[in-house]
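Here is how the chains run, residue by residue.
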Amino acid sequence: MTPVHIKQWAMSPKNNSIELYHSPQMKLESGFSPILMMGGVHGDEPEGVALAEGLLRWLTENTTKIRQNWILIPCLNIDGYSANPRTRTNGNGVDLNRNYPASNWSPESKGERYYPGPSPGSEPETQAIVQLMKLTQPKFMIHFHSWEPMIVLTGPPNLKEAHYLSESCGYKIEGNVGYPTPGSLSHYGWVDQKTPIICIEEQEKLKDLSVVWPHFKKGFEDI
């Protein structure tokens, strides 16, 4: 059995398809409580997409051995990732990780790169994730970024999966990224929906993206 591949799970503002993969033993409906994972939230963080691609290869090679239900979106912000040069924001110029309909969403931002959108949950990518969360009720979520190396855990401090990842890559577990992130998945997921959120921050601007997956391989194997 191979992972289920949905080529047009959602559409971006520029009408690009957003792909989704999930484990063959599950369906996109309630009752399966998958691990929901995604890369490419910020289009100018290719390390997150590289991690998602490495993970997908491993999941495909080990499908029969994996007991966990899982969903993987390799690149949520396909518009920003496909742009030349790549952009943090989506096709509407919105930072997707400031656009969630979180209780702390704010119309203010510290710069154009962090524009939260005209209203909470205004973007099709954000809407698709919110709907997916409601539909599948994930056990927890992991999203892949790059900035300063760390594992950001928003949820129970003893969440073993976060510790598996930390032990794999040697990055410390932090309770936040170090500055306010209103409208983020972390706040919406954990504070508002009680879904634990793990944010992987790989070293940004790596020259060799092939090193990303090996950093976290052992952690995902343990998960």
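The rules behind the values
- One numbering rule holds for all chains: residues counted from 1, following each sequence as written.
- With the structure being a predicted model, the display of local features is reserved for residues of pLDDT at least 70 and the display and counting of side-chain atom pairs for 80 or more, all residues being used for whole-chain, interface and lining totals.
- Excluding hydrogens and water, the side-chain figures rest on all heavy atoms present in the structure.
- Three labels apply to residues, based on accessible area from a 1.4 Å probe with only protein chains included: buried if under 20% of the type maximum, exposed if over 50%, partly exposed otherwise in between.
- A run of DSSP states H or I qualifies as a helix once it reaches four residues; a run of E qualifies as a strand once it reaches two. Both are numbered from the N-terminal end.
- Axes, fitted as lines to C-alpha atoms, cover a helix only where it is in contact. Angles between the N-to-C directions of the axes lie from 0 to 180 degrees.
- Throughout, the term roughly parallel applies to angles under 35 degrees, roughly antiparallel to angles over 145, roughly perpendicular to angles from 65 to 115, and oblique to all others.
- In a left-handed crossing the near helix is turned counterclockwise from the far helix by less than a right angle, and in a right-handed crossing that turn is clockwise.
- Any two residues whose heavy atoms approach within 4.5 Å at even a single point are treated as in contact.
- Aromatic contacts are taken between Phe, Tyr and Trp rings whose centres are within 6.5 Å, Trp giving its six-membered ring; a plane angle under 30 degrees counts as stacked, one over 60 as edge-to-face, and the others as tilted.
- Strands qualify as paired when DSSP identifies two bridges or more between them.
- Of the grid points, spaced at 1 Å and generated over the protein atoms alone, those admitting a 1.4 Å probe that cannot get out make up cavities, while open sets with protein on both sides within 12 Å along at least five of seven lines make up pockets; any residue with an atom within 4 Å of a point is treated as lining.
- Grid points are joined across faces, edges and corners, and a volume is the space filled by probe spheres set on the points.
- Gly is put with the polar residues, along with every residue not named as nonpolar or charged; the nonpolar set is Ala, Val, Leu, Ile, Met, Phe, Trp, Tyr, Cys and Pro, and the charged set is Asp, Glu, Lys and Arg.

1. Notes on helix α5 (residues 185-192)
Within α5 the residues assigned to the buried category are Leu-185, Ser-186, His-187, Tyr-188 and Gly-189. Directly after α5, the chain includes Lys-194, whose backbone phi takes a positive value near 60°.

2. Description of the packing of helix α3 (residues 124-136) against α5
The N-to-C vectors of α3 and α5 enclose an angle of 25°; their axes lie 12 Å apart at closest approach. Classified by the angle their axes make, α3 and α5 are roughly parallel. Here α3 and α5 pass one another in a crossing that is right-handed. When α3 is examined against α5, the residues Val-130, Met-133 and Lys-134 are found in contact with a partner set consisting of Leu-185, Tyr-188 and Gly-189.

3. Focus on the packing of aromatic side chains
Enumeration according to the criterion identifies six aromatic pairs in this entry. Between the aromatic rings of Tyr-171 and Phe-216, the centroid separation amounts to 6.1 Å while the plane-to-plane angle is 75°, which identifies the pairing as edge-to-face. Taken as a pair, Tyr-171 in the loop between α4 (160-169) and β7 (173-174) and Phe-216 in helix α6 (residues 212-222) lie far apart in primary sequence, 45 residues in all. Judged by relative accessible area, which is 14%, Tyr-171 ranks as buried. Taking relative accessible area as the criterion, Phe-216 reaches 0% and is therefore assigned buried. Aromatic ring contacts, followed pair by pair, group Trp-58, Phe-144, Trp-213 and Phe-220 into a single cluster.

4. Considering the pairing of strand β2 (residues 17-22)
Alignment of strand β1 (residues 4-11) against β2, held across five bridges, turns out to be antiparallel. In the sheet register, His-5 faces β2, and the bridge partner there is Tyr-21. Between β1 and β2, which pair antiparallel and follow one another directly, the connecting turn spans five residues, one of which, Asn-15, has a positive phi of 65°. As paired elements, β2 and strand β4 (residues 70-73) share two bridges and run antiparallel to each other.

5. Side note on the layout of surface pockets
Here the largest pocket defines a volume of roughly 490 Å³. Lining of the largest pocket is provided by 30 residues; of these, Arg-88, Arg-98, Val-177, Tyr-179 and Glu-201 occupy positions nearest its centre. Only α1 (46-61), β5 (140-147), β6 (150-154), α5 and β8 (197-203) provide two or more residues apiece to the lining of the largest pocket. Looking at which element gives the most residues to the lining of the largest pocket, the answer is β5, with four residues. Here the lining of the largest pocket is composed, by residue class, of eight nonpolar, 13 polar and nine charged. By volume, the second largest pocket amounts to about 200 Å³.

6. Describing unusual backbone geometry
Here Asn-84 and Pro-85 are connected by a cis peptide whose omega angle stands at 5°. Within the secondary structure, Pro-85 sits in the loop between α2 (78-82) and α3. A positive phi is found at Gln-137, a non-glycine position, where the angle reads about 50°. Mapped onto the elements of the fold, Gln-137 is located in the loop between α3 and β5. Under the relative-accessibility criterion, Gln-137 is labelled partly exposed at 49%. Here Lys-205, not a glycine, exhibits a phi torsion of approximately 55°, which is positive. Examined against the element boundaries, Lys-205 turns out to sit in the loop between β8 and α6.

Geometry only, nothing functional implied.
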